[in-house]
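Chain residues, written in single-letter form:
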Amino acid sequence: MKLLRYLTITLCLIAIVNLTSCSGTKTIDSIAYTELGIPTSERYSEGVTARSPWDMAINENKLYIGSGDYDTNAGPVDMWCYDIDKKTWSNSGTIPEEEIDRFCVIDNKLVVPGIDPQEDWSLGNYYVLDGNQWIKKRNIEGGLHTFDIVEFDGMLFAGLGVLKGSYPVVCSKDNGETFENVIFYKDGEKLDTTGSQNVRVYDLFVFKDKLYAVFMYGDSEITYDLYRYENGMFVYDNQWYGKVSQIKLTNNIITGKTQFKDNMYFTTGYLHTTEDMTNLTYIIFPDEQVVYDICTDEKYLYALCANKQEDGKYKVSVYRNDGQMITNFHEIFNFVYDVPPLSIVCKDNNFYIGMGDTNNIHDKNGMILFVEYAKNGE
């Protein structure tokens, strides 16, 4: 039941900034990397898309990776983790979903939304890492797909894909034990979704003490609107359709998002930033590189980019922003690899990068790379 639409960019509605380099910044060309292996090859063979590390997260000095493919029903998903100290891979549990493509942090615990349950769709799932065990929570009524989970004002909110006539966000006031539907209002009236084949909230944002839901709905014509939570309901804030551009990289529209300093940044293949969730700035990288993911260590914001070369390989670059200017990104290292990147996390000024070509079968799909920048960079 996958349905993903391409969003087009309307130039008059969004500020576009060409990236310029900053002098005095050290760039390491062709930095060395270490291949940590393809743990997902144990379940998925022949370099298929399902091997892809859609998202990664570090928890208690272990690197966790997502995988699977809910377009081809490739589940269940083995939750592989890499022990950074021991330098070994292990399977932390098998989850009955067709794909795991997002990690969330709730109350300092790692959580994964159940994007496509292998069980019947009467209830939606999410999973909490408790010690070394993934605990399944199957209590989201009508949650065909659970795309995102955030904590706000002492409550849990989940963004869903639901049937027409329903609303795609639920709220829990008892720490995730039970959920209730949240109604959407536009122009003072309850939003009618009965005519929509597509009713989804892929992303929730907590930004400047407010909660936002990016609501995609419609049938022949798709609307992509931003709603704001207030007084127990979601109310229309502004239209994002025409402001957000996408290159299809994953089964989500937004592949990476984070707050850095006073701005929210998110990437859809393009890097967008905003300080008010209404006016978006679109940052263009040199050679119009695709922006695959972003991450932050609180001191810096990093953007993972890549360009396909004439020989079919990919030049992979990581850019850094220090927060002084929203457009002040500069490349800190690059390397060439057989397939493009998908995801990135940083720890102690070093980087883990997940690789995968989601359009082609390749024996390097699912490879996890380690870049030891701390010894080579600034």
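Residues numbered from 1 in each chain as written. Predicted model: local features only at pLDDT ≥ 70, side-chain atom pairs only at ≥ 80, totals over all residues. Heavy atoms only, no water.

## Thoughts on the sheet that holds strand β10 (residues 133-141)
- Read across the sheet, 4 strands follow the order β7-β8-β9-β10 without closing on themselves; strand pairing throughout is antiparallel. At either end of the open sheet lies a strand with only one pairing partner, and these are β7 (104-106) and β10. Neighbour-to-neighbour, the strand axes of this sheet turn through a mean angle of 35°, independent of strand direction. (Pairing = 2+ DSSP bridges. Helix = DSSP H or I, 4+ residues; strand = E, 2+ residues; numbered from the N terminus. Axes fitted to C-alpha atoms, helices over the stretch in contact; angles between N-to-C directions.)

## Details of the pattern of salt bridges
- Per the counting criterion, the structure on display carries 16 salt bridges.
- Between Lys137 and Glu177 there is a salt bridge; the shortest N-O distance is 3.6 Å. Within this pair, whereas Lys137 is found in strand β10, its partner Glu177 is found in the loop between β13 (169-172) and β14 (180-181), the two being separated by 40 residues in sequence.
- Here Asp237 makes a salt bridge to Arg228, at a shortest N to O gap of 2.4 Å.
- On the basis of relative accessible area, Asp237 is assigned to the partly exposed category, the value being 22%.
- For Arg228, a relative accessible area of 18% gives the class buried.
- Put simply, Arg102, Asp148, Asp203 and Lys257 are held in one network by salt bridges that share partners. (Salt bridge = Lys/Arg side-chain N within 4 Å of Asp/Glu carboxyl O. Buried < 20%, exposed > 50% of the residue type's maximum accessible area, 1.4 Å probe, protein only.)

## Regarding the pairing of strand β22 (residues 263-267)
- Of all 5 residues that make up β22, 5 are buried, and the element is covered over most of its length.
- Linkage of strand β21 (residues 256-260) to β22, two consecutive antiparallel strands, is achieved through a turn of 2 residues, within which Lys261 is found at a positive phi near 55°.
- Pairing geometry for β22 and strand β23 (residues 271-274), over 4 bridges, is antiparallel. Bridge assignment links Thr267 to a residue of β23, and that residue is Leu271.
- Between β22 and β23, which follow one another and run antiparallel, lie 3 residues, and Gly269 among them has a positive phi close to 100°.

## What about the nonpolar core?
- Residues Phe157, Val169, Phe184 and Phe234 are the most contacted members of the largest nonpolar core, which totals 33 residues.
- Elements that contribute at least two residues to this core include exactly β7, β9 (123-130), β11 (145-152), β12 (155-162), β13, β17 (198-207), β18 (210-218) and β19 (222-230).
- With 6 residues, the single largest contributor to this core is β12.
- Those residues in contact with Phe234 that lie beyond four places of it in its chain are Phe157, Val169, Val182, Ile183, Phe184, Tyr185, Leu211, Tyr212, Ala213, Tyr227, Arg228 and Tyr229.
- Judged by nonpolar contacts, the second largest core, of 30 residues, contains Ile38, Leu249, Ile332 and Ile353. (Core = buried A, V, L, I, M, F, W, Y, C linked by side-chain atoms within 4.5 Å. Contact = heavy atoms within 4.5 Å.)

## Things to note about the sheet that holds strand β3 (residues 56-59)
- The 4 strands lie next to each other as β3-β4-β5-β6, forming an open sheet whose pairing is antiparallel. The open sheet is flanked by β3 and β6 (88-95), the only strands paired with a single partner. This sheet shows a mean twist of 25° between the axes of neighbouring strands, independent of strand direction.
- Of the strand pairs in this sheet, β3 and strand β4 (residues 62-65) are connected by 4 bridges, and their pairing is antiparallel. Directly across from Met56, in β4, lies its bridge partner Ile65.

## Looking at the state of the cysteines
- Counted by the stated rule, this structure contains 0 disulfides.
- Cysteine Cys171 shares no disulfide, and the gap to the nearest cysteine sulfur, in Cys104, comes to 16 Å.
- The structure places no disulfide on Cys295, whose sulfur is separated from the nearest cysteine sulfur, that of Cys346, by 3.6 Å. (Disulfide = S-S within 2.5 Å.)

## Thoughts on the environment of Thr327
- As for its placement among the helices and strands, Thr327 is situated in the loop between β27 (314-321) and β28 (329-337).
- On the accessibility criterion, Thr327 (17% relative accessible area) is buried.

## Comments concerning the side chain of Ser172
- Inspection of the secondary structure puts Ser172 in strand β13.
- At 2.8 Å, the side chain of Ser172 and the backbone oxygen of Thr178 are in polar contact.
- Ignoring any residue separated from it by four or fewer positions in sequence, one finds Ser172 in contact with Met155, Leu156, Glu177, Thr178 and Phe179. (Polar contact = N/O pair within 3.5 Å; in protein donor to acceptor, adjacent residues only side chain to side chain.)

## Focus on the confidence of the model for the protein chain
- For the protein chain, mean pLDDT is 90; residues scoring 70 or higher make up 92% of the total.
- Low pLDDT (under 50) marks residues 1-13, which in the prediction has 43 contacts with non-local residues, meaning those over four places away or in another chain. (pLDDT = per-residue confidence, 0-100.)

## Section: the side chain of Asn307
- Mapped onto the elements, Asn307 comes out in strand β26 (residues 301-308).
- When sequence neighbours within four positions are dropped, the list of residues in contact with Asn307 reads Pro286, Asp287, Glu288, Gln289, Val290, Lys313, Tyr314 and Lys315.

## With respect to the environment of Gly256
- Of note, Gly256 is situated in strand β21.
- When residues no more than four places from it in sequence are discounted, the contact partners of Gly256 are Tyr265, Phe266, Thr267, Asp293 and Ile294.

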